[in-house]
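Architecture at a glance
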Amino acid sequence: MKTENPIWNARQLGIPKMLLLGLQHTFAMFGATVLVPIITGLNVSTTLLFAGLGTLLFHLITKGKVPAFLGSSFAFLGGYAMVAPKLADGSPNSEMLPYACGGVVAAGLVYVVLAGLIKAFGVKKVMRFFPPVVTGPIIISIGLILAPTAVQSASQDWLLAFVALGIIVVCNIWGKGMVRIIPILLGIVGAYLLAIVLGRVDFAAVKDAQVVALAPITMAKFSISAIFTIMPIALATMMEHIGDIAAIGATTGKNYISNPGLHRTLLGDGLATSLAGLFGGPANTTYGENTGVLALTRVYDPRVMELAAVFAVILSFVPKFGELIYSIPSAIIGGVSFILYGMISAIGVRNVVENQVDLTKSRNLIIAAVILVSALGFNSIGGLSIPITGEITITLSGLAIAAILGILLNAILPGNDYEFDDQNEEDGKTAVSFKV
């Protein structure tokens, strides 16, 4: 029997459609990826260049098996704000930004250390600390934390937001063939054309931008203070990484933690982060936005992400085209995010259900409750700042706190009877799973 929503592969789709799908993933990551350099003062072109190169490096290390895109990480914004706060007039702190980037290089190396430990001691021993009662609520929290951003962006122009959302829904539910596979791209283009007709697009930056230019490179500098301020953030973002890989696995129905292995995904993410920081870019992380696109299109071929990475690299050398994409009203991205962010949380729910987490057990309810409240609650107040010395303060995001507390509670509370199933299924039906 033919399924209603088939899973597509590259051979079925062909090169032209694969290029469109890659472009769709570029659109999905673009808004969030360029927002980080805008907030921190880093260069947008440099950010796009190393998001693309970092993604390609990640795919090389993971043997091209994981359909993930690595964009700018928001988790490190607090570290940048402490090490290189913007000047009084709002201009970038060009003197201190290289030192912040040096801290990012060190943070990426923390990933490398954990990857080595997993390789040495085995994923089963490590993953016992990350059962679905922990990873599921963390994945749910990722989508819920992003949700206000979607509403805030959409509220700038509800008409454009709902047009984008409506096109996506119509194309995905009633569309045929390729229309059903690229609903997000069609939603963005359709709403953007409407915005142009209504005169709600500002092309000034597009006109002023150069057609072709090299992305500027600023080498990182290192100081003990900056390293100790930013490096510990990696302890939290690694937990987010595991949640993201679990989310991708739950979406595609494959066990990436076993194959190609969590040590490889962590190594790829860490080296991509260190590479970006070394040359003046922000830390990288696996992107939930692109996981949402995977869930919506059901095209899981990693080569689509590799094409998106190539597009990102190309955009870094074409400031005019980059500004054209950046001219898309944020309300349109907000409308698209209504679907994408919600799907991330839905994937987390699915992870809990499919792994048959017993929520009648008090320990499981307590763990899930603490994770959800910590993630959303601390995020609403800007995280938690922990003073280390008179000059050094570590700021943990709500998601980082939730991940740490969830892991600790799972390890401490009695009844941890989960065992990670690392059996490598080749039929594509095994997601990240645990056995009771």
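Here's a quick rundown of the structure. (Residues numbered from 1 in each chain as written. Predicted model: local features only at pLDDT ≥ 70, side-chain atom pairs only at ≥ 80, totals over all residues. Heavy atoms only, no water.)

What follows deals with the overall build of the protein chain. Scanning the protein chain from terminus to terminus reveals 20 helices and six strands. Looking at the protein chain as a whole, 54% of its 436 residues qualify as buried. In the protein chain, 82% of the contacts between residues at least 6 apart in sequence involve partners at least 24 apart. (Helix = DSSP H or I, 4+ residues; strand = E, 2+ residues; numbered from the N terminus. Buried < 20%, exposed > 50% of the residue type's maximum accessible area, 1.4 Å probe, protein only. Contact = heavy atoms within 4.5 Å.)

As a further point, take the side chain of S141. With respect to the helices, strands and loops of the structure, S141 is situated in helix α7 (residues 132-154). When residues no more than four places from it in sequence are discounted, the contact partners of S141 are I371, L372, A375 and L399.

As a further point, take the nonpolar core. F69, F76, Y80, I184, L262, L266 and I332 are the most contacted members of the largest nonpolar core, which totals 106 residues. Among the elements that line this core, the one with the most residues is helix α5 (residues 97-121), at 11 residues. When near neighbours in sequence (up to four residues on either side) are disregarded, I332 contacts L160, A164, I188, A191 and Y192. With five residues, the next largest nonpolar core counts L49, F50, A215 and A276 among its residues. (Core = buried A, V, L, I, M, F, W, Y, C linked by side-chain atoms within 4.5 Å.)

Turning to helix α18 (residues 330-354), a few remarks are in order. Between its terminal C-alpha atoms α18 stretches 35 Å, which fits the 36 Å expected from 25 residues at 1.5 Å a residue. If you look at α18, its biggest bend is around 40°, right at S337. Q356 sits one or two positions beyond α18 and adopts a positive phi of about 55°. (Expected span 1.5 Å × (residues − 1). Bend = angle between axes of the 7 residues up to and from the residue.)

Here the structure, examined in full by the defined rule, presents three aromatic pairs. Ring centres of F50 and F279 lie 5.6 Å apart, and the angle between their planes is 5°; this geometry places the pair in the stacked category. Taken as a pair, F50 in helix α3 (residues 44-61) and F279 in the loop between α14 (257-278) and β2 (284-286) lie far apart in primary sequence, 229 residues in all. Given the relative accessible area of 5%, F50 is considered buried. Here the aromatic cluster, defined as three or more aromatic residues joined through ring pairs, consists of W158, F162 and F338. (Phe/Tyr/Trp six-rings, centres within 6.5 Å; stacked < 30°, edge-to-face > 60°.)

Here we come to unusual backbone geometry. The linkage connecting N259 with the following residue, P260, adopts the cis geometry, with an omega of 15°. In this structure, P260 sits in helix α14. Of note, the phi angle at K63 is positive, near 60°, even though the residue is not glycine. Tracing the backbone shows K63 in the loop between α3 and β1 (70-72).

We now examine the pattern of salt bridges. Following the criterion strictly, the structure yields two salt bridges and no others. The salt bridge partner of R303 is D301, with a shortest N-O separation of 3.0 Å. Owing to a relative accessible area of 47%, R303 belongs among the partly exposed residues under this scheme. On the basis of relative accessibility, which here comes to 11%, the residue D301 falls in the buried class. (Salt bridge = Lys/Arg side-chain N within 4 Å of Asp/Glu carboxyl O.)

Within the secondary structure, A204 sits in helix α11 (residues 204-208). Its relative accessible area of 37% is what places A204 among the partly exposed residues. Taking the C-alpha atoms as reference points, A204 and E323, 119 residues apart in sequence, are found 9.3 Å from one another.

By the element assignment, R200 lies in the loop between α10 (183-197) and α11. Given a relative accessible area of 39%, R200 falls into the partly exposed group. Linking R200 and L160, residues 40 residues apart in sequence, is a C-alpha distance of 9.6 Å. Polar contacts involving the side chain of R200 include one to the side chain of D157, which spans 2.7 Å. (Polar contact = N/O pair within 3.5 Å; in protein donor to acceptor, adjacent residues only side chain to side chain.)

With that settled, the discussion passes to a nonpolar patch on the surface. On the surface, L35, I38, I39, V44, F74 and Y326 cluster together to form a nonpolar patch covering roughly 470 Å² of accessible area. Per-element tally for the nonpolar patch: the top contributor is helix α2 (residues 15-40), with three residues. Its location among the elements puts I38 in helix α2. (Patch = residues over 30% accessible without salt bridge, like charges linked within 9 Å, V, L, I, M, F, W, Y side chains within 5 Å. Areas by Shrake-Rupley, 256 points an atom, 1.4 Å probe, with all protein chains shown as cover.)

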